Amino acid sequence: MLPLAEFRVLDHNAVALGTDLGELMETAGKAVADALRERFPHAQHIIVACGSGNNGGDGFVTARLLADAGLEVAVVLAGEPRSAISRRARDRWKGEVHPPQALAKLLSGADVAVDALLGSGLRGELREPYREMVTVLNDGPTVVAMDVPSGLGLPEAVVPKLTVTFHAMKEGMDTASCGEIIVADIGSPSSDELHFIIVHQNFELWFKLVISELRAARDILDRDYVAETRIPRAVHHLRRVIETFRLMAQQWKVMETLTPQDFLNFRDKLGTASGFESLQMREMEALLGPQLLDGKPREMDGPAEPRPLVAVVGDWLARTPIMGSAPGDAGDDAVVARFIEDYLAAHAMLGAETAERYGGSPKVRARFAAEAEGAREFFADGDRVDRARAGLLFIESYRELPLLAWPRRLVDTVVELEQQMVLWRSAHARMVERIIGRRIGTGGSSGVDYLDMTTRYRIFVDLWAVRTLLMKKEALPNLRQPNFYGFAGES
Ligand code: HEM
């Protein structure tokens, strides 16, 4: 038997774990209405005495259900409902609500009274108007108490014929103080449902960390000038995000201990609630940047981030010194254009050589020519060169240069981050397929098909695309101003 205080804690925990208290109130009210009709089948006139706490809210639900079942019901209210869920229960009651002074008169014509005054919510002494109402209830017809008789343990407590108590017996309850006792299971989460809720909440906690790390990395890089010495710190934050996603991808295994049948047992309770509603997931996505598939953006609601990581990384790449020339240097445009021209020429030649090695049929040649054309388009920005893409190509191509050591590390880290996120999404889809098969999701999407489609989107599109265009070292254009990059090679 648990002390009353622990039951209050249980309620708080149930809410923290995602249980809907309004739903619990509905089930509690129904348990009392059902018990009353079963034990007193001839009762027609019912008075429900409601307090201002949640016990009173339960009472309003009982009143509504009994009235719906065709009984004559009146409610006497001790004080205005204090919680939102009790107010909601009161608003759904369409009958009359009488003041405490009306209780004695109403009881004179009633068959049964319901005590929904205080339940386990009582602390200390009975105060007015409760004290008076308890006395009047005890002078009236048969009383059914809701959860525990009001004033239980005090000399002036309600003495009911029947008590319908929730979850389990509470301290101080016996047949002398409560009459017959029915323990009603009002649907605290099953262990499977609890598992489902706890796994979700674990993810949400990790999401919180991811958001804070992404923001820290973004803020380091979101400057007009980022000193080389600051880059390791940005990499440090992003690496933490990578490891968190790696861990989260494993966490689906804990979710998978739920069998399809276990899940079906509480799936209806979820209604239309789904992963779509994870605000933190949307915040993470917004911090990273828009997701694209074949050049088209993914349609999503949610917050937009003015400076997502993808934009910040793009601006930083655009400042990469190329062949010793930085933006703003005299002749920089020409240096960058020359680098890209030399690169594309070498790339096209390499492609042509490979086409010949593959047999040189017109079809194969056309394929390599199209690839060369694609490369040209990738770097074109109107009639100039896209400097961010050129910078990215430069870092990837001359990645062993000492000055590029941290920039290439940053690029690698961002690629790994997106890779890890995709793996996490894909592991979610495999878990979902195992548990719900190909059925429609609670959020109304096509389920696994939808989730698989999300694994094809990319945010750091350029970082992935440039990989297709890279060439072996000996084919690269000669490096100019190698000393600029701290490289003691030939000039
Ligand atoms: C039995 C467990 C689970 C099942 C069957 C499941 C199923 C689904 C389905 C079918 C969708 C697609 C949207 C829809 O129509 O509902 C979805 C989306 C989502 N789920 Fe789950 N899920 C489960 C557990 C989790 C957990 C533990 C998390 C962790 C936070 C989570 C996070 C998400 C997110 C963030 C989305 C939105 C994905 C997007 O739009 O990119 N899911 N889930």
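Residues numbered from 1 in each chain as written. Predicted model: local features only at pLDDT ≥ 70, side-chain atom pairs only at ≥ 80, totals over all residues.

Visitor: Is there a simple way to think about the site of the ligand in this case?
Guide: For the ligand, the set of nearby residues contains 24 residues, the closest of which are S274, G275, G441, G443 and S445. Mapped onto the shell around the ligand, the elements with two or more residues apiece are helix 8 (191-221), helix 16 (405-436) and helix 17 (448-454). No other element matches the four residues that helix 16 contributes to the shell around the ligand. Its residues assigned to classes, the shell around the ligand shows twelve nonpolar, twelve polar and no charged. (Near = placed C-beta within 6 Å. Helix = DSSP H or I, 4+ residues; strand = E, 2+ residues; numbered from the N terminus. Nonpolar A, V, L, I, M, F, W, Y, C, P; charged D, E, K, R; others polar.)

Visitor: How should helix 16 be read in this particular structure?
Guide: Note: α-helices contain 3.6 residues per turn, so residues at a spacing of three or four share the same orientation. Its 32 residues give helix 16 an end-to-end C-alpha distance of 46 Å, which sits within 8% of 46 Å, the value for a rise of 1.5 Å per residue. Positioned one or two residues after helix 16, G437 has a phi angle of 65°, which is positive. (Expected span 1.5 Å × (residues − 1).)

Visitor: Where do I start with the domain arrangement of the protein in this structure?
Guide: Put simply, an interface is often sized by how much accessible area is lost when its parts join up. If you check the domain split of the protein, you get domain 1 (4-184) and domain 2 (191-485). With centres defined by C-alpha atoms, the gap from domain 1 to domain 2 works out at 58 Å. (Domains from an automatic or database assignment.)

Visitor: Help me understand the packing of helix 12 (residues 309-318) against helix 15 (residues 387-397) in this model?
Guide: The description of two packed helices rests on the angle between their axes and on the distance between the axes. Two elements in contact, helix 12 and helix 15, have axes separated by 7 Å at closest approach and are oriented at 75°. The angle between the axes of helix 12 and helix 15 places the two elements in the roughly perpendicular class. On helix 15, the residues that touch G314, L317 and A318 of helix 12 are R387, A388, G391 and L392. Tallied by class, residues from the contact of helix 12 with helix 15 come to four nonpolar, two polar and one charged. (Axes fitted to C-alpha atoms, helices over the stretch in contact; angles between N-to-C directions. Parallel < 35°, antiparallel > 145°, perpendicular 65-115°, else oblique. Contact = placed C-beta atoms within 7 Å.)

Visitor: Help me understand the environment of P482, please; the structure alone is not making it clear to me.
Guide: Tracing the backbone shows P482 in the segment after helix 18 (461-469). Judged by local crowding, P482 falls into the partly exposed class, with 17 C-beta atoms found within 10 Å. (Buried ≥ 20, exposed ≤ 12 C-beta atoms within 10 Å, placed from the backbone.)

Visitor: Explain the pairing of strand 2 (residues 72-77) to me, please; I cannot follow it from the model alone.
Guide: It is a general feature of regular strands that their side chains alternate between the two faces of the sheet. Most of strand 2 is tucked away, with five of its six residues classed as buried. Summarising the sheet, strand 1 (residues 45-50) and strand 2 pair through six bridges and their orientation is parallel. Opposite A49, over in strand 2, you have V76 as the bridge partner. With respect to chirality, the unit in which strand 1 leads through helix 3 (residues 54-68) into the neighbouring parallel strand 2 is right-handed. Pairing between strand 2 and strand 3 (residues 97-98): two bridges, direction parallel. Within strand 3, the position partnered with V75 by the bridge is V97. Traced from strand 2 through helix 4 (residues 84-91) to strand 3, the parallel crossover comes out right-handed. (Pairing = 2+ DSSP bridges. Right-handed = clockwise from strand over helix to strand, strands pointing away.)

Visitor: Sorry if this is basic, but what is going on with the packing of helix 13 (residues 332-357) against helix 15 here?
Guide: Contact geometry for helix 13 and helix 15: axes closest at 11 Å, N-to-C directions at 60°. One way to sum up the angle between helix 13 and helix 15 is to call them oblique. For helix 13 against helix 15, the interelement crossing comes out left-handed. Counted together, V336, F339, I340 and Y343 of helix 13 and R387, A390, L393 and F394 of helix 15 form the full contact between these two elements. Tallied by class, the residues present in the contact of helix 13 with helix 15 amount to seven nonpolar, no polar and one charged. (Left-handed = near helix turned anticlockwise from the far one by under 90°.)

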